[in-house]
Amino acid sequence: QVQLVESGGGLVQPGGSLRLSCAASGSIFSIGHMAWYRQAPGKQRELVALITSGGSTNYADSVKGRFTISRANTKNTVFLQMNSLRPEDTAVYSCNAEIMTLARRQWDYWGQGTQVTVSS
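Residues numbered from 1 in each chain as written. Predicted model: local features only at pLDDT ≥ 70, side-chain atom pairs only at ≥ 80, totals over all residues. Heavy atoms only, no water.

(A) Seen up close, the packing of aromatic side chains. Per the counting criterion, the structure on display carries one aromatic pair. It is Arg19 that lies over the ring of Phe79; its NZ or CZ is 4.1 Å from the centre. Stacked on the ring of Trp110, the Lys or Arg Arg45 has its end atom at 4.0 Å from the ring centre. (Phe/Tyr/Trp six-rings, centres within 6.5 Å; stacked < 30°, edge-to-face > 60°. Lys NZ or Arg CZ within 6 Å of the ring centre and 35° of its normal.)

Set out below in structure tokens:
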């Protein structure tokens, strides 16, 4: 069994910063890509940032230059540093990871989501 647990969400003023963390645990053999998605009320879920097992990154245009994704492979953890936050960044942020289990089965796993609210 595999779990992804996020932390670090909350309420922040425009221009502020937050750092999200997502830790994977359980019967993990290896982890491929790790990513952050977000979904605002009334909108479709969108990819915010992705990092491959080799460290290559990809960002949504709306967050380039403001958000940074990184990972600590030894801890099976991915981070999202969010700076210069805007009200339009308000959403539920969810962690996603491509994980091969000890049983050598590969799945996409999701965390439960963490709320980020940017408001004065």
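(B) Examining unusual backbone geometry more closely. Even without being a glycine, Asn76 presents a positive backbone phi close to 50°. Tracing the backbone through its elements, the reader meets Asn76 in the loop between strand 7 (67-72) and strand 8 (77-82). Phi is positive for Arg104, which is not a glycine, with a value near 65°. (Helix = DSSP H or I, 4+ residues; strand = E, 2+ residues; numbered from the N terminus.)

(C) Inspection of the state of the cysteines at higher detail. Tallying each qualifying case throughout the model produces one disulfide. With a sulfur-sulfur separation of 2.1 Å, Cys22 is cross-linked through a disulfide to Cys95. Residues Cys22 and Cys95 are joined by a disulfide whose S-S torsion is about -80°; by sign, that bridge is left-handed. Taken together, the positions of Cys22 in strand 3 (residues 18-26) and Cys95 in strand 9 (residues 91-101) put the pair 73 residues apart, joining distant regions of the chain. Comparing Cys22 with Cys95 shows no difference in burial state: the two are buried. (Disulfide = S-S within 2.5 Å. Buried < 20%, exposed > 50% of the residue type's maximum accessible area, 1.4 Å probe, protein only.)

(D) Local environment of the side chain of Thr77. Tracing the backbone shows Thr77 in strand 8. In this structure the side chain of Thr77 is engaged in a polar contact, spanning 2.8 Å, whose partner is the backbone oxygen of Lys75. (Polar contact = N/O pair within 3.5 Å; in protein donor to acceptor, adjacent residues only side chain to side chain.)

(E) Broad picture of the side chain of Ser94. On the secondary structure map, Ser94 appears in strand 9. What makes Ser94 buried here is its relative accessible area of 13%. Apart from the residues lying within four places of it in its own chain, the contact partners of Ser94 are Glu6, Ala35, Trp36, Tyr37, Trp110 and Gly113. (Contact = heavy atoms within 4.5 Å.)

(F) Region of the structure containing the environment of Ala60. Summarising the element assignment, Ala60 is placed in the loop between strand 6 (57-59) and strand 7. Of the residues examined, Ala60 reaches a relative accessible area of 15% and is grouped as buried. Separated by ten residues in sequence, Ala60 and Leu50 place their C-alpha atoms 9.1 Å apart. Sequence-distant contacts of Ala60, defined by excluding residues within four places in its chain, comprise Leu47 and Val48.

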